[in-house]
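Fold and geometry: a report
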Amino acid sequence: MQIENLATLGKVWGFLKYHHPIVTSGQRHWDYDLLRVTPAILASRDQAEANTVLHKWIASLGEIIPCNPCATLPAEDLHLRPALDWLDDGKLLGGELQADLKRIYRNRPANGQQFFLELGKGVKNPVFKHEPLYDGMRYPDAGFRLLALFRFWNIIEYWAPYRDVIGEDWNGVLRQSIPTVVLAKDRPAYELEMMAVIARFNDTHSNLWTSLHVRPPLGQCKLPVNVRFLGGDAVVAGYTDEAAGKASGLLPGDVITAIDNTPVAKLVQAWRPYYAASNEPTRLRDIAQELHRGPCGAASLRIRRADSELDVQASRTPEIRRAKTHDRAGDTFQMLSGGIAYLKLSSIKQADIPRYMEAAAGTKGLVVDIRNYPSEFVVFALGQYLVERPTNFVRFTFPDLNNPGAFYWKQGAMLRPGQTHYAGKVMILIDEISQSQSEYTALAFRASPRARIIGSTTAGADGNTSPFGMPGGLRSLISGIGIFHPDKRPTQRVGITPDIEVIPTIEGIRAGRDEVLEAAMTEIQRAD
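So, a few notes on the structure that sits alongside this text.

Rules used in this analysis
Residues numbered from 1 in each chain as written. Predicted model: local features only at pLDDT ≥ 70, side-chain atom pairs only at ≥ 80, totals over all residues. Heavy atoms only, no water. Salt bridge = Lys/Arg side-chain N within 4 Å of Asp/Glu carboxyl O. Helix = DSSP H or I, 4+ residues; strand = E, 2+ residues; numbered from the N terminus. Buried < 20%, exposed > 50% of the residue type's maximum accessible area, 1.4 Å probe, protein only. Disulfide = S-S within 2.5 Å. Pairing = 2+ DSSP bridges. Axes fitted to C-alpha atoms, helices over the stretch in contact; angles between N-to-C directions. Contact = heavy atoms within 4.5 Å. Parallel < 35°, antiparallel > 145°, perpendicular 65-115°, else oblique. Left-handed = near helix turned anticlockwise from the far one by under 90°. Nonpolar A, V, L, I, M, F, W, Y, C, P; charged D, E, K, R; others polar.

**Some details on the pattern of salt bridges**
By the definition in use, this model includes 38 salt bridges. Its salt-bridge partner being Asp88, residue Lys102 comes within 2.6 Å of it at the nearest N-O pair. Residue Lys102 is located in helix H5 (residues 90-106), and its partner Asp88 is located in the loop between strand E1 (78-80) and H5; the two are separated by 14 residues in the primary sequence. For Lys102, a relative accessible area of 30% corresponds to the partly exposed category. Between Asp100 and Arg103 there is a salt bridge, with the nearest N and O atoms lying 2.9 Å from each other. One end of the pair is Asp100 and the other is Arg103, both in helix H5 and three residues apart, which spans about a single turn. Several salt bridges converge on common partners, so that one network encompasses Lys222, Glu290, Arg293, Glu319 and Arg321.

**Some words on the state of the cysteines**
Applying the stated criterion across every chain yields a total of two disulfides. For Cys67, the disulfide goes to Cys70, at an S-S distance of 1.7 Å. Of note, the bridge from Cys67 to Cys70 carries an S-S torsion of about 90° and is right-handed in sense. We classify Cys70 as partly exposed; its relative accessible area is 34%. For the protein, numbering the cysteines in disulfides from first to last along the sequence yields the connectivity 1-2, 3-4.

**Examining the sheet that holds E1**
Taken in spatial order, the four strands of this open sheet run E1-E16-E15-E22, and their pairing is antiparallel. At either margin of the open sheet sits one strand with a lone partner, and together these are E1 and strand E22 (482-484). Across the sheet, the mean angle from the axis of one strand to that of its neighbour is 35°, orientation sign disregarded. Across five bridges, strand E15 (residues 395-399) lies against strand E16 (residues 407-411) in antiparallel orientation. Paired with Phe398 across the bridge in E16 is Tyr408.

**Section: the pairing of strand E20 (residues 465-470)**
The pairing of E20 with strand E21 (residues 474-479) spans six bridges and is antiparallel. Each bridged residue has a counterpart across the sheet, and for Pro467 the counterpart in E21 is Leu477. In sequence, E20 turns back onto E21 through a hairpin of three residues, with Gly472 there showing a positive phi of about 95°.

**Regarding the sheet that holds strand E23 (residues 500-501)**
Read across the sheet, six strands follow the order E11-E12-E13-E18-E19-E23 without closing on themselves; strand pairing throughout is mixed. For this open sheet the edge positions go to strand E11 (333-336) and E23, each flanked by a neighbour on one side alone. Note that strand E19 (residues 451-455) and E23 share two bridges and pair parallel. In the strand pairing of E23, Gly455 is matched with Glu501. Lying on the sheet, helix H12 (residues 353-360) is in contact with E11, strand E12 (340-344) and strand E13 (365-369); it crosses E11 at an angle near 10°.

**Observations concerning the packing of helix H1 (residues 2-19) against helix H7 (residues 170-182)**
Put simply, H1 and H7 touch, their axes get as near as 9 Å, and they point 120° apart. Classified by the angle between their axes, H1 and H7 sit oblique to one another. Like other packed secondary-structure pairs, H1 and H7 cross with a definite hand, here right-handed. Touching Ile3, Glu4, Leu6, Ala7 and Lys11 of H1 are Asn171, Leu174, Arg175, Ile178 and Pro179, all from H7. Counted by class, the contact of H1 with H7 contains six nonpolar, one polar and three charged residues.

By themselves, these observations are geometric and do not establish any function.
Right under this line is the structure:
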């Protein structure tokens, strides 16, 4: 019963945080209010007694003054309604507490006042403020750990534009996470438990970004190889250091089946709860990048090479950090065989785009490689060459400060043609590395009538990010606005899906081929 009562406390505390005028105007230190009321909730013998505690707590905030004017929930362009059906649950709340909450909701003023956030200028994603980090607490006590859970849970409940596609029972996540977070034995355990909560939100943008060092596997060193999951296999895709990679005894195309006598499949299963991602390819992307992390020194590997099983001893060395990319080595702009131009966005500069597009003029096709993260925002600077008329490519959803939890449709951005146009075919390369701005860029360029997208599903996390902190100096963020196709089809968790799906093969990696780029070149050469 204590857990159920604490879950109700978390929901009521969050509701009041974003609806009660005394709280939304910043007149109470709402974190401390939670800490003061929690002992009485824990001491309650049953649900009715806990609800009475909440009723008296609300009464201590003062009488609710009738609003003039009152906020309404407009139906026009409404995409997502607030998740407030629980206010109708008299069995959960009891008569007095239910009446309190409904009266507060009815009398929310139409002034758009929120002490804990504002909407960013232009973009209109939530900008969270007055959310103390309490970073002086090396290991926050149980009350502050509970605060961290309630803060994160309610930010998702009221300000996450993709709340409807979490894929989890969000109320169940709250109940199930209370004992694991509150009873965490030390700071690393607390951070891991919060990481597990965040991972259940299923948003690649969201993670406990200050605490990745406690996420398994632990260690300061890695093998000098890049690993990628293909068809469920952990495949050596290349080297982070050519000399050390070759000296390791591992070859591109090798499948790692066990590390230090533990099957890779077992490691993945154990670590999956701590890897936040919108979809499974992206979760495996991140696990692959960490798979061989561990103590510096020798590591024992079991590998499959062609039809043979081999044991390999390799050395982990200090990590070499490089940008995550699957694009082609070499210059930003390249001329490929067959009259095909190639442009990768990982190193692109806006100022160079006119020069690149002049060089590409007259080619049969242009390959735009976004299997990376763009070095600069080039949606409009490059997109103007790809369309002949103004073209919508996206639709947004935005939160409503008067109606926490509601999101409304708004017409999105548009590509406008420049003075010169590229007349050839356009092939856009994507895969699980393509995330956020990469996905937005691919969505925009797909609007070109001559464009096709080739590769595999992207990370499924788009929209300007909104960071916030939690007790102990922890930091996280959410996707702050909703990004959709012009026809309102979703991108979150789904990602940008290719027109032509091409997934690299172990044989291709072994042969040093870029099968995605090859498919794009073949499509350009294909007669229409």
